[in-house]
Amino acid sequence: MSSETSLVPDRVSIKAIPIETLRHIISYAAANDPPTVVVTTQMTSSLYMGWLPLTHVSHLWRDVALTTKSLWTNILLNLGEEWSKTMLERAGPSARLSVTVCDSLGWERYEDFDAILPSAMDRVERLEIWGDSEELDHAYRMLTSTPAPVLKYLHLARASNGDGDIGTNWEGLFAEPTPQLSTLILHGVGFAHHSIYM
């Protein structure tokens, strides 16, 4: 064993990480560990906060996260109206958004969905809605009265706990055409074979 001192320090202060490197670390975490709904049993689920606890590592990490608008563009509506509005605010007024809502916690409060999504649809590029028949029908009513001019990706899925067929006629899904829609994924949601979406 050499008696020379190692050139690599044993510890580096968290404050010594350059801001841009820290921004990349947090952005990587946000892209690879998003908040989500975790189904623990068939009838219960919980929210997993993903990368968000990194905003509590230190004042510096929080400041970097809060000033990096791109971190706040992936919105899980299951976090509730307050969180969703905060994320929209942090993303900025012109940011393109990705919005997910899962039925796993039950849409007991449709007002959260209604308070957030219609006013943001003009900048939603990616939308994933998972729900039972009633929840998807509620989403359909909102989507048919709200334009989606920048929507590129739409995933509609009837939850595995959904009962029966969805009686909704999904034709005319949006109030206006969705000129940028390039990906449509349907799980348990039917369109007629002659639909413009097929």
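The rules we used
Position numbers for residues count from 1 along each chain, tracking the sequence in the order it is written. Local features in this predicted model are restricted to residues whose pLDDT is 70 or higher, and side-chain atom pairs enter the listing and the counts only when it is 80 or higher, whereas totals over whole chains, interfaces and linings include all residues. Side-chain metrics rest on all non-hydrogen atoms present in the structure, leaving aside hydrogens and water. Put simply, a salt bridge is a Lys or Arg side-chain nitrogen that is within 4 Å of an Asp or Glu carboxyl oxygen. Helix numbers and strand numbers start at the N terminus; a helix is a DSSP run of H or I with at least 4 residues, a strand a run of E with at least 2. Per-residue accessibility, obtained with a 1.4 Å probe over protein chains only, is compared with the maximum for each type, and a residue is labelled buried under 20%, exposed over 50%, and partly exposed between these values. Only buried residues count toward a nonpolar core. Its members are Ala, Val, Leu, Ile, Met, Phe, Trp, Tyr and Cys residues joined through side-chain atoms within 4.5 Å. By definition in these notes, contact holds between two residues if any of their heavy atoms fall within 4.5 Å. Throughout this description, a polar contact denotes any pair of N or O atoms lying within 3.5 Å of each other; where both atoms belong to protein, one of them has to be capable of donating a hydrogen while the other can accept it, and for residues adjacent in sequence the pair is counted only when both atoms sit in side chains. Only the stretch in contact is used when fitting a helix axis, every axis being a line fitted to C-alpha atoms; angles between N-to-C directions are given from 0 to 180 degrees. An angle counts as roughly parallel when it lies under 35 degrees, as roughly antiparallel when it exceeds 145, as roughly perpendicular when it falls between 65 and 115, and as oblique in every other case. For this classification, Asp, Glu, Lys and Arg are treated as charged, while Ala, Val, Leu, Ile, Met, Phe, Trp, Tyr, Cys and Pro are nonpolar and the rest, including Gly, are polar. When DSSP finds two or more bridges between a pair of strands, those strands are recorded as paired. Centres within 6.5 Å make a pair out of two Phe, Tyr or Trp rings, where for Trp the six-membered ring is used; the pair is then stacked when the planes are under 30 degrees apart, edge-to-face when over 60, and tilted otherwise. Working rule: Lys NZ or Arg CZ, within 6 Å of ring centre, within 35 degrees of ring normal, means a charge sits over the ring. Think of it like this: strands point away, you trace from the first strand over the helix to the second, and a clockwise trace means the crossover is right-handed.

### Some points on the pattern of salt bridges
Counted under the stated rule, the structure contains six salt bridges. Between E81 and K85 there is a salt bridge, with the nearest N and O atoms lying 2.8 Å from each other. In this pair, E81 and K85 both sit in helix α3 (residues 81-91), four residues apart, roughly one turn of the helix. The exposure class of E81 is partly exposed, given its relative accessible area of 25%. Among the residues examined, K85 registers a relative accessible area of 41% and is labelled partly exposed. Three or more residues joined by partner-sharing salt bridges are found here, namely R96, E125 and K152.

### A closer look at the nonpolar core
If you look at the biggest cluster of nonpolar residues, it comprises 41 residues, and the most contacted ones within it are W51, V124, L127 and I129. When sequence neighbours within four positions are dropped, the list of residues in contact with V124 reads L97, V99, L117, V150 and L151.

### Side note on the side chain of T146
Relative to the assigned elements, T146 resides in the loop between α5 (133-143) and β6 (153-158). In terms of polar contacts, T146 uses its side chain to reach the backbone carbonyl oxygen of M142, at 2.8 Å.

### Some words on the packing of helix α1 (residues 19-32) against helix α2 (residues 59-66)
At a minimum axis distance of 10 Å, the contact between α1 and α2 shows a crossing angle of 70°. If you check the angle between α1 and α2, you find them roughly perpendicular. Judged by residue contacts, I19, L22, R23, I25 and I26 of α1 engage L60, W61, V64 and A65 from α2. Residues that form the contact of α1 with α2 fall into these classes: eight nonpolar, no polar and one charged.

### Thoughts on the sheet that holds strand β7 (residues 183-187)
Across the sheet, five strands lie side by side as β3-β4-β5-β6-β7; this open sheet has parallel pairing. Only two strands of the sheet have a single neighbouring strand rather than two, namely β3 (74-76) and β7. Within the sheet, the average angular offset between the axes of one strand and its neighbour, ignoring direction, is 5°. Bridge analysis of β3 against strand β4 (residues 97-101) gives three bridges, and the strand direction is parallel.

### Brief notes about the packing of aromatic side chains
Considering all chains together, one arrives at one aromatic pair under this definition. The aromatic ring of W72 is capped on one face by R90, whose charged end is 4.6 Å from the ring centroid. A cation over an aromatic ring shows up here: R126 above the ring of Y153, its NZ or CZ 3.7 Å from the ring centre.

### Overview of the pairing of β4
The buried fraction of β4 amounts to five of the five residues, a majority that puts the element mostly inside the structure. A crossover connection joins β3 to the parallel β4 through α3; in handedness this β-α-β unit is right-handed. With five bridges connecting them, β4 and strand β5 (residues 124-131) associate as parallel partners. When the sheet's bridge partners are listed, S98 is paired in β5 with R126.

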